[in-house]
Structures are given as structure tokens and as C-alpha cells.
Amino acid sequence: METERVTEHEKPAASSTAEPTPPEPPGSPGLDRAGSAGEPTGATGPARTTGSTSPGDEAAAPRGRDAVPAQAQPHPPQPGAEPRPAPGTRSGPASAAPTRGPGPGTGNGADGSERSERERRGGDRLRFVGAATRRIARGVDLDETVLGLCRASVPAYSDAILVYLRDPLPVGDERPTGPFVLRLRRSDRIPDDPLTAQALQAAQTVAPGAGTAPETAEHSGQGASGSAGLAFGMVSGMAAGAAGTTAAQLAEVRPGGPLAEVLRGVRPVFADSPAASAALPELLGPDREVPAGNRAILAPLRGRRRVIGAAVFLRRPDRPAFEPDDLLIAAQLATHTALGVDKAVLYGREAYIADELQRTMLPDALPQPTGVQLASRYLPAAETARVGGDWYDAIPLPGSRVALVVGDVMGHSMTSAAIMGQLRTTAQTLAGLDLPPQEVLHHLDEQAQRLGSDRMATCLYAVYDPVAHRIVVANAGHPPPVMLHRGGRAEVLRIPAGAPIGVGGVDFEAVELDAPAGATLLLYTDGLVESRQRDVWTGIEHLREKLAATARLTRPGAAAPLEPLCDEVLDIVGPGDRDDDIALLAARFDGIAPSDVAYWFLDPRAQTARQARRLARRALARWGLEELSDSVELLVSEIVTNAVRYAERPITLRLLRTDTLRCEVGDDVPQLPRLRQARATDEGGRGLYLVNRLARRWGATRLSTGKVVWFELPCPEPTPKTPPEL
């Protein structure tokens, strides 16, 4: 009579025959299965008659009718969870499958039980590997990936782990140069405190029918950092109580050495193997001992193109040794970790490139023009989107004016940042030509169309004149600026919105407004006022109210400090309320008082240089700067003489007194003067040489009507008056 054998997968649902309870190894404190209910943690009971337990046993989920299905377990099971029989089932070495009856060919019940046990262990290993690799793959940066390996391995798979990575790590296709050096990146282990181990064992004991969670491993490793090292002697000498020493932090892989051969082989090996027994002292140091009896595994970490490190898995002497199938688990853990490290290194390089690109696209530092104070802020959209199309700029212009620019290119990518850089460069070039704001936006629109049909951006361009206390603004589809007056009143400036840059065929309109001294103009991008929770105009009104509330906190008649004001403005954006990057530019208008300005029109005649010297001398005497008269008269004479020689229309001479003395000479000739070395026989060519030697700064700027040549001299500190003697 032939007997059928029903496997575990063919077992009827109504069968009441329970699977056999796997044998327990000798009790160990908090590492493997717990003893009986009345046995204290760490007590060693009588040895069982069956064989050793694999790491799959230690990670096994409870079996029976109440067990959680394998596909429903999100994490690898933990060691120490003793499978218990489900209610209504028998425990003991019963056969895993019922038989039809005795007869020829009837299988041995012990063989069926062993086969069922092997299948169960194989399934447990697969579940552990699946959960562990998912945990490793969750890491984005290097530390998260290595931490995922440590937390997934300890204590479910090993009692301790050492992770070495190449220093420095190669990126992508880069060919490493220099010696092959491994640095200890991270280590983790089960705590040696008996109370902590007992608590760990209790946390890992699972009731019948309940699943296990790998997060208990997070409480077992004490969060050891790689730089601190692992008390390796506490792993190798736990049974003997040897004093621990730290593992080697650096290990140089000698070409052709034992460690190089193991790493080249890629496959994990036991520490007792001839190759690993010679390689481990080279990795860990000559004085470090490794647990004997297949309780240590050396697993190379090979990335997409080369070996990038090694991992050492360790078990205590009182825990069952690794089995040959555990090498397959180590290989899977090592492979996924190495690929994750490669991914993290590439991500770190991309993040670095994005940060550098964004940093170079924005000004390193704002200028300090006369009559205006500036402050700025930039916030990326998110950590995963470090680059964007928002930019700001402040460009000094002739006549002590300054151009204030803020713009926003559509998108948050490298392409958006590249287009933003091109538009910002174009705006700087156009500003240097002293074009009106509406003309600057017109040329930016043409440039955007040349870059592509879908290159669109918004931009606001304003020019502030500190002498006239006026500002000219042109807008291309950008949110309107907000002005905060000295008295605390905040208003949204009414300017034509205009069409975005890149649309083409549109006209831009400029508006001239008052810019009173003490007022603050705030230019921003839509990321500050628009989000999923509010529209643009609601955000602008919120911004206006925030500025007014901040101004009320300052004393009456005083302007709010500029840098703290920018920080207060950014507070209107909540932690989860930011969907776009933010560019912010704040300008405090100080202006230049009319009493500090001297301005003249001079006809281009031979006597003009003498007239200019006389006018400059009188202005300096009125300001109490007589000690600068000699230098100013010499420099003014040289520049005016050069202007009179070529000019056809009246030239202008202007002196501005602030913290410096600035002199500007304008004419209708567009050619800029150049500094050159005059020869001994030349009659001219020495004027700019004198200007370069005597002035603190000087320059020449081309205008739409000609050019302006200017120089600056430091104003002397006022001398305190001595009181008359009595």
C-alpha cells in the first residue's frame, strides 16, 4: 500500500497536526532563545539532543494557526522568539505531515520532520533577508545606509558587526588613486550589561500568534558610532572575561596580501578558513582575536565597479555558530549595503554639485552702495531639491544709484538654475549699460526666447537714486514689492504686473515712485507668499501685516533693523508650508542729503579745468574738508582736462559727501579711458596713472548718453574741538 506524504505547502487547512517545536540551543543571555519560564536569564540549562540552530531559527516567526503570514511581516523577526504551539495543537517531535496508513514505501516521520524544519528555516531566512534589505535600501545618505546594515544585523543575525569602508570612497567612474585604505565607519554590538541583555531578551520573546518587529534591534546596539570603535575584546573574550580593546580604525590593504585576496574573491568566508584567518589580523589589527568555531564572517562589500569595503559579523561563544547557509545571508546583506553605499556617494556628489551651482549663481556678498543698506536671504525648496530658479542681485550704477533685481525661473532643477544664471548675467550686463528698467526687461525677454520656447521667468527690476530719493520700477509678472515706511506703515506698491519673461511680443512699463529716507523696500519671490494652503494675494496681505507688526515692536520714529527684519519675514512660512524656494532682498533707503551734494554743468573750453578746480575747492571748504583740497584739485583737473579734449556738449561735475568723498565727471564720449604706462617721450597718458595712485577707488562706466569717470577719497575723521582755556 503506497503512502502519500503531504508537504507543508500541501497541508489541509483543517489539519490539527502542529509543526514540531525546533530544538533550543544552550541558553544565552539575551542572544538566543529564552529558557523556561522559571529560569533566570543567562542560566545554562541541559543541552538538547538535536543539532544547532541557524540564524533563520533565531529570526523565525511563531507558527500555528495564529501565526502572522510571511507576506504580512514588514520586518525581519528577532532572535530569541521561541516558537510555541498554537492552541489546540500538540507539541513535540511529531511529524509535519500525516500519513494515510502503514505499508510499503511509508516515509519515516523523522525524515518528514527534518525536511519540514529545513523548509521552515529557509523561509525564515528569506523573510529576514527581505526585511533587512528593505531596511538597508531606505537609507539615502552614507550614514543611514551603514546604520541600516548594523540595525538589521544586530542582534537578529549577529551579536556584533564592524563595517569598514574605503577612504576616500570613489565616486562613480572615478579611478581610485593612492593606497587602498579601509576606515572603520561604524560598529554595533549587543550590550554586555546583564540587566540590559535580560531586558532585550524579554523584549524579543513573542507570544503565540504575534509577529516580531526588527525595531527591537535598535534598542540593542546602544547606537554605537563607527568613529568610537567597538570593544572587540568584549566579543572575542566574553566567555573568558578578557579586557576589551578597540578595533583598528585604519587598515591598509597591501596589494597581493591576504586581505586583498579575500576582497577580490567577493564572497563571504568564515574566519576559520585559511584565507580569512590571515586576512582578519590585517583588517582588525594583529592583537585582536576572533571568536573560534565559525562565529565570525568576513564579507567583502563590492559596489557596481569595485570593492569599497568589508563587513565583519561576530557571534558570542555562547551562541550557536554560523552555518554554511548563513554565508548566503551575509552575501545578500553585503551586496545590498555596497549598492546602497554607491547610491549614497553618488547622491552626496549630486547634492554637493547642486549646492555649489546654487551658491555660484547667487551673489557671494552684497555691495555696499552709498545711501542704501542691503540684506538678503535664500532658502531652497527642500533638502531633496537644493537648486532652483530664484535669484536676487544688487548692482551699483553710475551716479551712486543701485539696481535691485529679483527673479524666478520656472522649475526646480539644474536646468532652471542654469537658465537663472544666464538671465542674471544678462541683467548685470544690461545694467552696466545704464538702460532704463523697462528696456532691461525687454532685452531679458528676448534673451529668454533665444534660450528656448519654454524658458519662462518672472522678474522685477528697480533703480534707486539716493540723491533724488526716487525709485523707478518695472515688473515682468512678478509679485509686487512691499514698502515699509519709517512710521510703521506697510503698503503694497501699485505697479503694472506685466507679462512674464519669455512670452515675447509684450511691452513693459516703468513707474517712478518716491523713496523717502528710512523706508524699507522688500523684494521677494512667490515662494514666500504662495503655498498649497493660500493663494498669492492672501500671502502678500499676510506679509504686509507681518511687516507692520514688526515695525510696531521698534521705538517710534526708528526703522527696524534690517537683518532681524528678514528673519521675521521668513517666519510667516511654516515648517510644512513651503513648496517653492525663496529669494528675499531688503533695501533700506538712507539717501544722500541735498547739502552733501554739489553739482555743476561746465562748457568744454580750455578754461574749464581751472573753473572745476575753483568749484571743488569751494565745496570742500564748505564741508570742512580743506585737507583734501590738493588731492581733489589735482585729480579733478586731470579728469576734466581729458573730458574737455573730446567732449562736444557740456560736461558734468558732481561731488558727493558721505563716509567717503566721491567725484564724478560725465561727458558725451562713449569710449572709456584705459590705464596705460606712458613712455618717457609721451606728452600725455599720465593722468589716469595719478588717479590710480592717489584715489582709494576709481572707475569708468558707459552710459546711454556717454560715460562717467569717478574716483573716491576717504574722508578724514573730524578733529574734536579743543575748549578755550580760561
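The structure presented is a predicted model; accordingly, all values stated were derived computationally and were not measured. (Residues numbered from 1 in each chain as written. Predicted model: local features only at pLDDT ≥ 70, side-chain atom pairs only at ≥ 80, totals over all residues. Heavy atoms only, no water.)

Let's talk about the overall build of the protein chain
Consideration 1: Helix and strand counts for the protein chain come out as 15 helices and 21 strands.
Consideration 2: Relative to its 726 residues, the protein chain shows a buried fraction of 51%.
Consideration 3: Of the contacts made within the protein chain by residues no fewer than 6 positions apart, 72% connect residues no fewer than 24 positions apart.
Consideration 4: Accessible surface, the protein chain as shown: approximately 34,200 Å² in total, 52% of it carbon and sulfur. (Helix = DSSP H or I, 4+ residues; strand = E, 2+ residues; numbered from the N terminus. Buried < 20%, exposed > 50% of the residue type's maximum accessible area, 1.4 Å probe, protein only. Contact = heavy atoms within 4.5 Å. Areas by Shrake-Rupley, 256 points an atom, 1.4 Å probe, with all protein chains shown as cover.)

Quick word on the pairing of strand S10 (residues 457–465)
Consideration 1: Burial analysis of S10 places 8 of its 9 residues in the buried class, the great majority of the element.
Consideration 2: The sheet contact formed by strand S9 (residues 402–409) and S10 spans 8 bridges and is antiparallel. Residue pairing in the sheet places Ala403 in a bridge with Val463 of S10.
Consideration 3: Bridging between S10 and strand S11 (residues 470–476) involves 7 bridges; their strand directions are antiparallel. Its bridge partner lying in S11, Leu460 is registered against Asn475.
Consideration 4: The antiparallel hairpin formed by S10 and S11 contains 4 residues in its connecting segment, where His469 sits at a positive phi of about 55 degrees. (Pairing = 2+ DSSP bridges.)

Brief notes about helix H3 (residues 142–153)
Consideration 1: Compared with an ideal rise of 1.5 Å per residue, which puts 12 residues at 16 Å, H3 spans 17 Å between its outermost C-alpha atoms and is within 8% of the ideal.
Consideration 2: Among the 12 residues that make up H3, 9 are buried, leaving the element largely enclosed by the rest of the structure.
Consideration 3: Inspection of H3 places Leu142, Thr145, Val146, Gly148, Leu149, Cys150, Arg151, Ala152 and Ser153 among the buried residues, and these make up the whole buried set. (Expected span 1.5 Å × (residues − 1).)

Overview of unusual backbone geometry
Consideration 1: In this model, Val154 is joined to Pro155 through a cis peptide bond whose omega is 0 degrees.
Consideration 2: Note that the residue after Asp167, namely Pro168, is joined by a cis bond; omega there is 0 degrees.
Consideration 3: Note that Pro168 resides in the loop between strand S1 (160–166) and strand S2 (180–189).
Consideration 4: Notably, Val266 is not glycine yet its phi reads approximately 70 degrees, a positive angle.
Consideration 5: Considering the arrangement of structural elements, one finds Val266 in the loop between helix H6 (258–265) and strand S4 (269–270).
Consideration 6: Unusually for a residue other than glycine, Asp434 sits at a positive phi of about 60 degrees.
Consideration 7: Its place among the elements puts Asp434 in the loop between helix H9 (414–432) and helix H10 (437–451).

Section: the pairing of strand S14 (residues 510–514)
Consideration 1: Residues Val511 and Leu513 line the buried face of S14, whereas the alternating positions Ala510, Glu512 and Asp514 sit on a face that is not buried.
Consideration 2: Note that S11 and S14 share 5 bridges and pair antiparallel. Across the sheet, the residue bridging to Ala474 is Ala510, located in S14.

As for the sheet that holds strand S16 (residues 582–589)
Consideration 1: Strand order in this open sheet of 5 strands is S7-S16-S15-S12-S13, and the pairing throughout is antiparallel. Of all the strands in the sheet, the pair left with one neighbour each is strand S7 (372–379) and strand S13 (490–492). In this sheet, neighbouring strand axes are inclined to one another by 20 degrees on average, regardless of whether the strands run parallel or antiparallel.
Consideration 2: Bridge analysis of strand S15 (residues 520–524) against S16 gives 5 bridges, and the strand direction is antiparallel. (Axes fitted to C-alpha atoms, helices over the stretch in contact; angles between N-to-C directions.)

Details of a nonpolar patch on the surface
Consideration 1: Residues Tyr352, Ile353 and Met414 make up a contiguous nonpolar surface patch of roughly 300 Å² in combined accessible area.
Consideration 2: Its location among the elements puts Tyr352 in helix H8 (residues 324–361). (Patch = residues over 30% accessible without salt bridge, like charges linked within 9 Å, V, L, I, M, F, W, Y side chains within 5 Å. Salt bridge = Lys/Arg side-chain N within 4 Å of Asp/Glu carboxyl O.)

Regarding the sheet that holds strand S21 (residues 706–714)
Consideration 1: Judged by pairing direction, the sheet is antiparallel, and its 5 strands sit side by side in the order S17-S18-S19-S21-S20 without closing on themselves. Looking at strand neighbours, the two that pair on one side only are strand S17 (597–602) and strand S20 (697–703), the edges of this open sheet. Put simply, the sheet's adjacent strands are angled 15 degrees from each other on average, direction ignored.
Consideration 2: With 6 bridges joining them, strand S18 (residues 651–657) and strand S19 (residues 660–667) adopt antiparallel strand pairing. Across the sheet, Arg657 pairs through a bridge with Leu661, a residue of S19.
Consideration 3: Seen against the sheet, helix H13 (residues 608–623) touches S17, S18 and S19 and runs at an angle of roughly 165 degrees to S17.

A look at the confidence of the model for the protein chain
Should pLDDT be low for a region, the predicted coordinates there are not to be read in detail.
Consideration 1: Mean pLDDT over the protein chain works out to 76, with 73% of the residues at or above the 70 mark.
Consideration 2: Segment residues 1–106 is flagged for pLDDT under 50; beyond a separation of four residues in sequence, or across chains, it makes 220 contacts in the model.
Consideration 3: Overall, residues 194–245 carries pLDDT values under 50, and its contacts beyond four positions in sequence, including any with other chains, amount to 133 contacts. (pLDDT = per-residue confidence, 0-100.)

Quick notes on the packing of helix H11 (residues 536–552) against helix H12 (residues 562–570)
A pair of packed helices is captured by two measures, namely the crossing angle of their axes and the spacing between those axes.
Consideration 1: Following both chains from N to C, one finds H11 and H12 inclined at 140 degrees, their axes separated by 10 Å at the closest point. Put simply, H11 runs oblique to H12. Relative to H12, H11 is oriented so that their crossing is right-handed. From H11, Leu543, Lys546, Leu547 and Thr550 reach across to H12, where they touch Leu565, Glu568 and Val569. (Parallel < 35°, antiparallel > 145°, perpendicular 65-115°, else oblique. Left-handed = near helix turned anticlockwise from the far one by under 90°.)

A short note on the nonpolar core
As a rule of thumb, nonpolar side chains are buried together in soluble globular proteins.
Consideration 1: Judged by nonpolar contacts, the single largest core of 57 residues is most densely connected at Leu404, Leu441, Leu444 and Phe589.
Consideration 2: Non-local contacts of Leu404, meaning those with residues more than four positions away in its chain, are made with Leu374, Asp393, Ala394, Leu460, Tyr461, Ala462, Leu521, Leu523, Leu585 and Ala587.
Consideration 3: By size, the runner-up hydrophobic cluster in this structure holds 35 residues, among which are Val146, Val171, Ile190 and Leu301. (Core = buried A, V, L, I, M, F, W, Y, C linked by side-chain atoms within 4.5 Å.)

Digging into the environment of Ala598
Consideration 1: Tracing the sequence through the fold places Ala598 in strand S17.
Consideration 2: Sequence separation between Ala598 and Leu653 is 55 residues, and the spatial gap between their C-alpha atoms is 8.1 Å.

Brief notes about the packing of aromatic side chains
Consideration 1: Scanning the model with the defined rule gives 5 aromatic pairs in all.
Consideration 2: Taking 6.0 Å as the distance between ring centres and 20 degrees as the angle between the ring planes, the aromatic pair formed by Phe128 and Tyr157 counts as stacked. Here Tyr157 lies in the loop between H3 and S1 and Phe128 lies in helix H2 (residues 109–137), a separation of 29 residues in the sequence. There is no split in this pair, since Phe128 and Tyr157 are both buried.
Consideration 3: When the centroid spacing of 5.3 Å and the interplanar angle of 80 degrees are considered together, the rings of Tyr599 and Phe601 count as edge-to-face.
Consideration 4: You can call Tyr599 partly exposed: its relative accessible area is 43%.
Consideration 5: Through a chain of ring-to-ring contacts, three or more aromatic side chains come together here, namely Phe128, Tyr157, Phe313 and Phe322.
Consideration 6: Its guanidinium or amino end placed over the ring of Phe180, Arg166 lies 3.8 Å from that ring's centre, counting from NZ or CZ.
Consideration 7: In this arrangement the basic side chain of Arg315 is found over the ring face of Tyr157, its NZ or CZ atom lying 6.0 Å from the centre. (Phe/Tyr/Trp six-rings, centres within 6.5 Å; stacked < 30°, edge-to-face > 60°. Lys NZ or Arg CZ within 6 Å of the ring centre and 35° of its normal.)

Overview of the packing of H6 against helix H7 (residues 274–284)
Consideration 1: Contact pair H6 / H7: the axes reach a minimum separation of 7 Å and the direction vectors enclose 115 degrees. If you check the angle between H6 and H7, you find them roughly perpendicular. Considering only the axes of H6 and H7, their crossing is left-handed. Packed against H6, whose contacting residues are Pro258, Leu259 and Val262, the element H7 presents Ala275, Ala276, Ala278, Ala279, Glu282 and Leu283 at the interface.

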